[in-house]
Amino acid sequence: GNSVTQMEGPVTLSEEAFLTINCTYTATGYPSLFWYVQYPGEGLQLLLKATKADDKGSNKGFEATYRKETTSFHLEKGSVQVSDSAVYFCALTSNSGYALNFGKGTSLLVTP
Amino acid sequence: DTGVSQDPRHKITKRGQNVTFRCDPISEHNRLYWYRQTLGQGPEFLTYFQNEAQLEKSRLLSDRFSAERPKGSFSTLEIQRTEQGDSAMYLCASSFVGQQETQYFGPGTRLLVL
């Protein structure tokens, strides 16, 4: 079935550094792709999404582009802040189109 | 609207006991999903409802698990004869049928089976 693989963490960056978290997918058909974020002690929140090839999702300075040719949806941010410290999950819609299949998550720690 | 709510937030039980969790979705959302998340892993899909109909179940949902959504609003997830391997965070999400629907997650119920 549809699945994602994301880079393992933890990732530690200094404030204002550039962030990339890699996510690649395997899928049949045309899944939608998502990045969710889980801040410490909080629930999962949708960060951004893209529903078709070449779409770019963006929110709060984060961006990810749906690349069909490389089956990727890498998350980027030009300048991270301490408040971005969280666990980031890449996900895609399942073969049925309803459920989400998640990666294992990448923990990000941003230090002052 | 305050989003998806789940109750209880934490549950400790002894092996062999039954537990029931409740999820209240966002009011206009007609799809409701249950996921399970263990430490260090991403959420894993368990089941989903459209209105009151349970339309898909994962093979993770053993016969000790049952979910209902009797009136198409709130949902319950029951685990019978709990085992230590059931210890996890149980997440509920809801969405509205339509283009580019997005699943909104609740805070989860953390279950510990002793």
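Further up the page is the structure itself.
Everything quoted here is computed from the prediction, not taken from an experiment.

Calculation rules
- Residues numbered from 1 in each chain as written.
- Chains lettered and ligands numbered in written order.
- Predicted model: local features only at pLDDT ≥ 70, side-chain atom pairs only at ≥ 80, totals over all residues.
- Heavy atoms only, no water.
- Helix = DSSP H or I, 4+ residues; strand = E, 2+ residues; numbered from the N terminus.
- Rg over C-alpha atoms; globule rule 2.2 N^0.38 Å.
- Contact = heavy atoms within 4.5 Å.
- Areas by Shrake-Rupley, 256 points an atom, 1.4 Å probe, with all protein chains shown as cover.
- Lys, Arg positive; Asp, Glu negative; His and termini not counted.
- Charge placed at Lys NZ, Arg CZ, Asp CG, Glu CD.
- Core = buried A, V, L, I, M, F, W, Y, C linked by side-chain atoms within 4.5 Å.
- Buried < 20%, exposed > 50% of the residue type's maximum accessible area, 1.4 Å probe, protein only.
- Buried area = accessible area lost by both parts, 1.4 Å probe.
- Salt bridge = Lys/Arg side-chain N within 4 Å of Asp/Glu carboxyl O.
- Polar contact = N/O pair within 3.5 Å; in protein donor to acceptor, adjacent residues only side chain to side chain.
- Nonpolar A, V, L, I, M, F, W, Y, C, P; charged D, E, K, R; others polar.

A. A look at the overall build of chain A. Counting secondary structure elements, chain A contains zero helices and 12 strands. For chain A, the N- to C-terminal ordering of α and β elements is β-β-β-β-β-β-β-β-β-β-β-β. The C-alpha atoms of chain A give a radius of gyration of 13 Å, which matches the 13 Å a tight globule of 112 residues would have. With respect to the three principal axes, the spread of C-alpha positions in chain A is 45 × 25 × 20 Å. Taking contacts inside chain A between residues at least 6 apart in sequence as the whole, the part at least 24 apart equals 56%. Of the roughly 5200 Å² of accessible surface on chain A, 48% is carried by carbon and sulfur atoms. Of the charged side chains in chain A, 8 are positive and 10 negative; the average position of the first set lies 8 Å away from that of the second.

B. The arrangement of the nonpolar core in detail. Trp-35, Leu-47, Leu-48, Phe-73, Leu-75 and Tyr-88 of chain A are the most contacted members of the largest nonpolar core, which totals 26 residues. Breaking this core down by element, the ones donating at least two residues are strand E2 (11–14), strand E3 (19–21), strand E4 (23–26), strand E5 (33–38), strand E6 (44–50), strand E8 (62–65), strand E10 (86–93) and strand E12 (106–111) of chain A. Top contributing element to this core by residue count: E10 of chain A, with four residues. Filtering out sequence-adjacent residues up to four positions away, Leu-48 of chain A remains in contact with Leu-33, Phe-34, Trp-35, Gly-57, Ser-58, Asn-59, Phe-62, Glu-63, Ala-64, Phe-73 and Leu-75 of chain A. The next biggest cluster of nonpolar side chains, apart from the first, holds 19 residues, and it includes Trp-34, Leu-61, Leu-111 and Val-113 of chain B.

C. A look at the interface of chain A and chain B. At the junction of the two partners, chain A supplies 16 residues and chain B supplies 19 residues. Taking both sides of the interface into account, the surface hidden between chain A and chain B amounts to around 1400 Å²; carbon and sulfur atoms contribute 54%. Here chain A and chain B share zero salt bridges between them. Between the two partners, chain A and chain B, sit five residue pairs in polar contact (both at pLDDT 80 or more). Of all elements in the fold, only E5, E6 and strand E11 (100–102) of chain A reach the threshold of two or more residues within the side of chain A that touches chain B. Looking at the side of chain A that touches chain B residue by residue, the class counts come to nine nonpolar, five polar and two charged.

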